[in-house]
Amino acid sequence: FELVAAQKPYRGDDMVALAMKIVLSDPPRLRDALPAVAAALDELVARAMTKAPAGRFPTARALAKQSGAAQPAAEEDRRFLRGRTAAASEIQDHE
């Protein structure tokens with residue numbers, strides 16, 4: 001979530017408030033933070049963050065396989081993100 005949305009999924013005024021949100025709240029949807037994100041990526045992140053272990057990917061390999069199936073959507077997201085961020089190789093020193 002944080003890697004794509006550039007924000008943490010949960011926020012709280014202090015550690016106790018943050019912990020309560022994590023425990024008691026449903027995970028946020030990526031599309032709530034980035035409405036233009038592809039539906040396939042939103043679903044992938046939602047499944048990875050679900051609280052019920054049976055609903056999550058059983059292994060990292062399963063997540064990777066599913067993310068490969070979302071590859072065309074991921075390319076759409078990369079184009080979207082290119083307009084918002086710069087790769088480290090593109091940053092120049094302006095001393």
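Within every chain, residues take consecutive numbers counted from 1 along the sequence as written. A pLDDT threshold of at least 70 governs which residues receive local features in this predicted model, and a stricter bar of 80 or more applies before side-chain atom pairs are shown or counted, although totals over entire chains, interfaces and linings include all residues. Think of the side-chain values as coming from all heavy atoms in the structure, minus any hydrogens and water.

Participant: I'd like a description of the overall build of the chain, backed by residues and values.
Facilitator: Labels follow the DSSP assignment, with helices taken as runs of H or I lasting at least four residues and strands as runs of E lasting at least two, numbered in each case from the N terminus. Secondary structure summary: the chain contains six helices and zero strands in total. Reading the chain from its N end, one meets helices and strands in the order α-α-α-α-α-α. The buried share of the chain, reckoned over its 95 residues, is 19%. Residues are treated as being in contact if the distance between any of their heavy atoms lies within 4.5 Å. Taking the intrachain contacts of the chain between residues at least 6 apart in sequence as the baseline, contacts between residues at least 24 apart amount to 43%. Carbon and sulfur atoms form 57% of the exposed surface of the chain, whose accessible area is close to 7000 Å². Buried, partly exposed and exposed residues are distinguished by accessible area as a fraction of the type maximum, computed with a 1.4 Å probe on protein chains only: under 20%, between the cut-offs, and over 50%, respectively. Using a 1.4 Å probe, the Shrake-Rupley method yields the accessible areas, and only the shown protein chains count as cover for residues.

Participant: Before we move on, can you summarise unusual backbone geometry with the specific residues and values?
Facilitator: Phi angles above zero are rare outside glycine, and A6 is one such case at about 60 degrees. Structurally, A6 is set in the loop between α1 (2–5) and α2 (15–24). Take A6: its relative accessible area is 64%, and that puts it in the exposed class.

Participant: Could you give an account of the nonpolar core, naming the residues involved and the relevant values?
Facilitator: Burial of nonpolar side chains together is a common tendency in soluble globular proteins. By convention a nonpolar core is built from buried Ala, Val, Leu, Ile, Met, Phe, Trp, Tyr and Cys residues, the set being connected through side-chain atoms within 4.5 Å. If you look at the biggest cluster of nonpolar residues, it comprises 10 residues: F1, V4, A5, L30, L34, V37, L41, L44, V45 and F57. Top element by residues in this core is helix α4 (residues 39–49). It accounts for three residues. Each residue touching F1, except ones within four places of it in the same chain, is listed here: A6, Q7, K8, P9, P28, R29, L30, A33, V45 and M49.

Participant: Please give an account of a nonpolar patch on the surface that cites residues and values.
Facilitator: Nonpolar side chains (Val, Leu, Ile, Met, Phe, Trp, Tyr) are joined into patches within 5 Å and like charges within 9 Å, using only residues with over 30% relative accessible area and no salt bridge. Whenever Lys or Arg places a side-chain nitrogen within 4 Å of a carboxyl oxygen from Asp or Glu, that contact is recorded as a salt bridge. Judged by side-chain polarity, V16, M20, I22, V23 and L24 come together as a nonpolar surface patch covering roughly 510 Å² of accessible area. Looking at where I22 falls in the secondary structure, it is placed in helix α2. Classification of I22 by relative accessible area gives partly exposed; the value is 38%.

Participant: Describe the confidence of the model for the chain, naming the residues involved and giving the relevant values.
Facilitator: Values of pLDDT, the confidence the predictor places in each residue, fall between 0 and 100. The share of residues in the chain with pLDDT of 70 or more is 72%, and the mean pLDDT across the chain is 81. Confidence scores differ between elements of the chain, with helix α6 (residues 71–82) showing the lowest mean pLDDT of 60 and α2 the highest of 95. The model gives residues 85–95 a pLDDT under 50, and that stretch makes one contact with residues more than four places away or in other chains.

Participant: Could you give an account of the environment of L30, naming the residues involved and the relevant values?
Facilitator: Along the polypeptide, L30 turns up in helix α3 (residues 30–33). The class of L30 is buried, set by a relative accessible area of 1%. The spacing of L30 and F1 is 29 residues in sequence and 6.4 Å in space, taken between C-alpha atoms. If sequence neighbours within four positions are ignored, L30 has contacts with F1, V4, A5, V37, L41, D42 and V45.

Participant: So, the environment of E43: which residues are in play, and what are the values?
Facilitator: Mapped onto the secondary structure, E43 falls in helix α4. Of the residues examined, E43 reaches a relative accessible area of 48% and is grouped as partly exposed. Through-space distance from the C-alpha of E43 to that of L30 is 8.4 Å; in sequence the pair is 13 residues apart.

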